[in-house]
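Next come the chains, spelled out residue by residue.
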Amino acid sequence: MRILESIDALPAGLRFVATVGVFDGMHIGHAAAISAVVDAAARHAAEPVVITFEPHPQEVLRGVTPSLLCDPGENLARLELARVRTTVIQRFDRAFSEQTAESFVERLTHGRDLAGLVMSSESAFGRDRAGTVESLRRLAAEAGWELVEVPTLERGGDRVSSGRIRALIEAGRVAEARRLLGRRHAVIGEV
């Protein structure tokens, strides 16, 4: 898997399908979105791309550093196992957060061929999280790329999310967290 440090580093002429998110530790909701990226990329003869951020946006925007659901290296390995061909680890700072959704998409597509963008109804990017499924439908229609909406995954009546899983782990409810992760939670480090 190719790892790039900026969306600007995506190769010129690249035909790709992307998803944008924090992806701070693969869980079953992330897996569903990434599977949709891989499937859409196959349909469009394109490369599956994941765009994620470092540091975590909450750290920059709210001064809160959430615990990660898995080690960054393990997370990259899980993305590669999911058949992602390129992962962009975009530096997230105040200036980046101030981009409009339209500017972000324009920057993403500059000199490249965006075949599709995969989002859930909970997904949003750009200033004030204005880049939602609803707002991007028009952009997709005008530019000729496919907007793929994946359903929000729910378990036990609540949305599957990294925040929910973190709360379960912190509360010691690891069996419930495991169901939402789709794997055991582990801590990696030196002893």
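As shown above, the structure is provided for reference.
The text that follows walks through the structure, step by step, so that each part is easy to find. (Residues numbered from 1 in each chain as written. Predicted model: local features only at pLDDT ≥ 70, side-chain atom pairs only at ≥ 80, totals over all residues. Heavy atoms only, no water.)

In a structure, side chains of opposite charge can pair up when their charged atoms sit close to one another. Evaluated as defined, the whole model comprises 13 salt bridges. Two residues, Arg2 and Glu47, come together in a salt bridge whose shortest N-O distance is 2.6 Å. Of this pair, Arg2 sits in strand S1 (residues 2-4) while Glu47 sits in strand S3 (residues 47-54), placing them 45 residues apart in sequence. The salt bridge partner of Arg107 is Asp8, with a shortest N-O separation of 2.7 Å. (Salt bridge = Lys/Arg side-chain N within 4 Å of Asp/Glu carboxyl O. Helix = DSSP H or I, 4+ residues; strand = E, 2+ residues; numbered from the N terminus.)

As a further point, take the environment of Ala32. Considering the arrangement of structural elements, one finds Ala32 in helix H1 (residues 28-43). Remark: the alpha-carbon pair of Ala32 and Leu76, spanning 44 residues in sequence, is separated by 16 Å.

By the criterion of burial, strand S5 (residues 113-120) is predominantly enclosed, with seven of the eight residues buried. By the bridge criterion, five bridges tie S5 to strand S6 (residues 146-150) in an arrangement that is parallel. Within S6, the position partnered with Ser120 by the bridge is Val150. Crossover S5 to S6 through helix H6 (residues 133-143) is right-handed. (Buried < 20%, exposed > 50% of the residue type's maximum accessible area, 1.4 Å probe, protein only. Pairing = 2+ DSSP bridges. Right-handed = clockwise from strand over helix to strand, strands pointing away.)

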